[in-house]
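Structure at a glance
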Amino acid sequence: QVQLVESGGGLVQPGGSLRLSCAVSERVRSIYTMGWYRQAPGKERDLVATVSNDGKTEYPDSMKGRFTISGDFAHNTVYLQMNSLKPEDTAVYYCDADLLDYRLVRGDYWGQGTQVIVSS
């Protein structure tokens, strides 16, 4: 069973930085894209950024500038560097991967989420 394991969340003061990590728990045949989403209390889950295995990154306009996604597809890991954090960035951050497992089954997998709280 493929699992995505996130880490790096926590409490940070406004203006601070955090780096989230997400690793695929087992060997897979191929990973096409990995991404980060976030969900604030009472709100829908929103896209933060994606990175594909050819290095292409995508960000919604609202996420450009302070967040940087990077992928280490050789090690099945994706990172999210978050700078100049604001209280409105407080949310549970979820990792997502579109991958092909060793049964040659393609699927979309989600991590369990990591909490980010931006507060003084």
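So, a few notes on the structure that sits alongside this text. Remember, it's a predicted structure, so these values are computed and weren't measured experimentally.

Phi at N76 is positive, roughly 55°, even though this residue is not glycine. Considering the arrangement of structural elements, one finds N76 in the loop between β7 (67–72) and β8 (77–82). Judged by its relative accessible area of 16%, N76 is buried. The phi torsion at L104 lies on the positive side, around 65°, for a residue other than glycine. Of note, L104 is situated in the loop between β9 (91–100) and β10 (106–110).

Per the stated rule, a full pass over the model turns up 1 disulfide. Residue pairing for C22: its cysteine sulfur links by disulfide to C95, the two sulfurs lying 2.1 Å apart. On the S-S bond that ties C22 to C95, the torsion sits near -80°, and the link is left-handed. Remark: C95 occurs in strand β9 and C22 occurs in strand β3 (residues 18–24); sequence separation between them is 73 residues. Note on C22: relative accessible area 0%, which makes it buried.

Looking now at the sheet that holds β8. Pairing is antiparallel in the open sheet, where 4 strands are placed in the order β1-β3-β8-β7. Two strands close off the open sheet at either side, each with one partner strand: β1 (4–7) and β7. Strand after strand, the sheet turns through a mean of 15° between neighbouring axes, direction not considered. The sheet contact formed by β1 and β3 spans 4 bridges and is antiparallel. Bridge pairing in β3 links V5 to A23.

Here is what the cut-offs are and how they apply
- Residues numbered from 1 in each chain as written.
- Predicted model: local features only at pLDDT ≥ 70, side-chain atom pairs only at ≥ 80, totals over all residues.
- Heavy atoms only, no water.
- Helix = DSSP H or I, 4+ residues; strand = E, 2+ residues; numbered from the N terminus.
- Buried < 20%, exposed > 50% of the residue type's maximum accessible area, 1.4 Å probe, protein only.
- Disulfide = S-S within 2.5 Å.
- Pairing = 2+ DSSP bridges.
- Axes fitted to C-alpha atoms, helices over the stretch in contact; angles between N-to-C directions.

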